[in-house]
Amino acid sequence: MQKNQLKDLLKDFGSNVVFDQDLKKKNWFNIGGKSKVFFRADNLKDLVKFLQLLNNQERIFIIGAGSNTLISDDTFDGVVIKLSKNFNRISLLREDVIISGSAVLDKSLSEFAAQNNLSGFEFLSCIPGSIGGGIRMNAGCFGKEFKDILISIQAIDNRGNLITIPSKKINFEYRNNDIPEDLIFLSASFKGIKSDVQKINSEILKMKIEKEKNQPTKIKTSGSTFKNPINQTNKKVWELIRESVSLDTKFGDACISNKHSNFFVNKGNATFKDMKKLIDFVSQKVFEKTGVKLDNEIKILE
């Protein structure tokens, strides 16, 4: 739809709808242009109404914590939706089941589980991003993935229809699943195992120490760039990159982390084109050197 049509259609949402919203500060890379429409959904009622008005006539992208995302410097010809405070709640359904809003940070869910003596969520303390994004990509680390604790998902489609999906109906793979792309996750339920809080916190601390030792922090990076090619080789993707590419390789301010070669970094003013060139260059060099075809773990919005 044309911008003027959208302004008229969405006028009732007031300041929660912004046109030509700058997306650069809304992702960890600190890269990106603008969105034709940006909608901050304060509650489910507003989100349903908003989607029903759009009637699936616009491209939609959900932005969570902004990790694992590379955004084009061009204007995104569609709608970016940010779920707000009412999607950021955590509660106990019963002593071993947690219900979490999709906007909750992974580490916040891990902390809540520990406070309630629930084990199984420790790995979430080391995953950047929010619950919705973690479900979408079946995120994981230290041998655990979202699928291992997920019971069900509550979601909404692009026309405003609400649905619930049990985890047993989802086919999970490494960093992937078959959940339809047009679904927006609202909340999810997770099952833990009763345990001792000191034991849980000890495991979390051990994981955090291991992560800080091996991964860069406090820089403009977006986490792992490529998936580990588990169906092609036993080697980790960082090993393949080190074998195939000089770690001094850079395009503009887009470079490879010396600490972890699967983490790409914006050293200052990298553009989308700089980072995309680096991603494509590394992927091509790994393929030429090893015959392994890399798949992006990072989500690219163009």
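Further up the page is the structure itself.
Residues numbered from 1 in each chain as written. Predicted model: local features only at pLDDT ≥ 70, side-chain atom pairs only at ≥ 80, totals over all residues. Heavy atoms only, no water.

1. Considering the pattern of salt bridges
Evaluated as defined, the whole model comprises 17 salt bridges. Two residues, Arg175 and Glu297, come together in a salt bridge whose shortest N-O distance is 3.8 Å. Taken together, the residues span a long stretch of sequence, with Arg175 in the loop between strand S13 (172-173) and strand S14 (176-177) and Glu297 in the loop between helix H7 (272-290) and strand S21 (299-301) at a distance of 122 residues. The class of Glu297 is buried, set by a relative accessible area of 11%. The shortest N-O distance in the salt bridge between Glu243 and Lys235 comes to 2.5 Å. The class for Lys235 is partly exposed, based on a relative accessible area of 35%. In this structure, a network of salt bridges that share partners links the residues Glu145, Lys147, Asp148, Arg175 and Glu297. (Salt bridge = Lys/Arg side-chain N within 4 Å of Asp/Glu carboxyl O. Helix = DSSP H or I, 4+ residues; strand = E, 2+ residues; numbered from the N terminus. Buried < 20%, exposed > 50% of the residue type's maximum accessible area, 1.4 Å probe, protein only.)

2. Looking at the environment of Thr75
Note that Thr75 resides in the loop between strand S4 (69-71) and strand S5 (76-83). Residue Thr75 is classed as partly exposed on the basis of its relative accessible area of 48%. Note: C-alpha distance between Thr75 and Asp12 (63 residues apart in sequence) is 24 Å. Here Thr75 is in contact with Lys34, Ser35 and Lys36, once residues within four sequence places are set aside. (Contact = heavy atoms within 4.5 Å.)

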